[in-house]
Amino acid sequence: MARDGLEFLTGELQGSHDPGGIVFTVLAALPGMEREYIRDKTLDGHESARNRGKNIGGATVTDPAMLSMALHLRDQGQSLRDIASQLLITQGAKKGKRPSPATVMRMLRDHDEHATTASQ
């Protein structure tokens, strides 16, 4: 006969437990609490590193020439994917490869944000 619930065969919680009971509630909450704790500690570490002048994330692959070309292609109405397929990384470990559409989007967004704050 099949039973509903959770059954621990060994350990301090040995036995069967009702899915509506407190054991399920506590066990279901633990992974979420752990994820939140890890996330908070990671964000604290990033903030601490930034305060010490460290860069968070990988090395930049964009340069002024790439930005200029991306802006020109965007003005022509091309998609991020099309723009990325026409650009080439000229420095660093990824030299000779194409940037991702996400990298192009970040580069254009950062340019737009700086242009907006500079004009105000």
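Here's what I pulled together on the structure shown here.

The rules we used
Residues numbered from 1 in each chain as written. Predicted model: local features only at pLDDT ≥ 70, side-chain atom pairs only at ≥ 80, totals over all residues. Heavy atoms only, no water. Helix = DSSP H or I, 4+ residues; strand = E, 2+ residues; numbered from the N terminus. Rg over C-alpha atoms; globule rule 2.2 N^0.38 Å. Buried < 20%, exposed > 50% of the residue type's maximum accessible area, 1.4 Å probe, protein only. Contact = heavy atoms within 4.5 Å. Areas by Shrake-Rupley, 256 points an atom, 1.4 Å probe, with all protein chains shown as cover. Patch = residues over 30% accessible without salt bridge, like charges linked within 9 Å, V, L, I, M, F, W, Y side chains within 5 Å. Salt bridge = Lys/Arg side-chain N within 4 Å of Asp/Glu carboxyl O. Core = buried A, V, L, I, M, F, W, Y, C linked by side-chain atoms within 4.5 Å.

### Some thoughts on the overall build of the protein chain
Part 1 of the argument: A tally of helices and strands in the protein chain yields four helices and two strands.
Part 2 of the argument: Listed by position from the N terminus, the elements making up the protein chain come as β-β-α-α-α-α.
Part 3 of the argument: Taken over C-alpha atoms, the radius of gyration comes to 25 Å for the protein chain, far larger than the 14 Å a tight globule of 120 residues would show.
Part 4 of the argument: In the protein chain, buried positions account for 15% of the 120 residues.
Part 5 of the argument: Pairs at least 24 residues apart make up 29% of the contacts formed inside the protein chain by residues separated by at least 6 positions.
Part 6 of the argument: Summed over all atoms, the accessible surface of the protein chain reaches about 9,400 Å², with 54% contributed by carbon and sulfur.

### Thoughts on a nonpolar patch on the surface
Part 1 of the argument: On the surface, a nonpolar cluster with roughly 550 Å² of combined accessible area is contributed by L13, I22, V26, L27, L30 and M33.
Part 2 of the argument: Structurally, the position occupied by V26 is in helix α1 (residues 22-51).
Part 3 of the argument: Exposure remark for V26: the relative accessible area of 43% places this residue in the partly exposed category.

### Overview of the pattern of salt bridges
Part 1 of the argument: Within the structure shown, the criterion is met by three salt bridges.
Part 2 of the argument: When the shortest N-O distance is used, the salt bridge between R39 and D40 registers 3.9 Å.
Part 3 of the argument: Its relative accessible area of 48% is what places R39 among the partly exposed residues.
Part 4 of the argument: A residue is classified by how much of its surface remains accessible, and D40, at 33% relative accessible area, is partly exposed.
Part 5 of the argument: Its salt-bridge partner being D110, residue R109 comes within 4.0 Å of it at the nearest N-O pair.

### As for the nonpolar core
Part 1 of the argument: Listed in full, the twelve residues of the largest apolar core are V61, M66, A70, L71, L73, I83, A84, L87, I89, V104, M107 and L108.
Part 2 of the argument: At the level of elements, α2 (64-75), α3 (80-86) and α4 (101-119) are the ones that each hand at least two residues to this core.
Part 3 of the argument: Take this core: its biggest share by element is four residues, from α2.
Part 4 of the argument: In this structure L108 touches L67, A70, L71, R74 and L80, once residues within four positions along its chain are discounted.

### Some thoughts on the environment of H72
Part 1 of the argument: Of note, H72 is situated in helix α2.
Part 2 of the argument: The exposure class assigned to H72 is partly exposed, which follows from its relative accessible area of 42%.
Part 3 of the argument: Taking C-alpha positions, H72 is 17 Å from R98, a pair spaced 26 residues apart along the chain.

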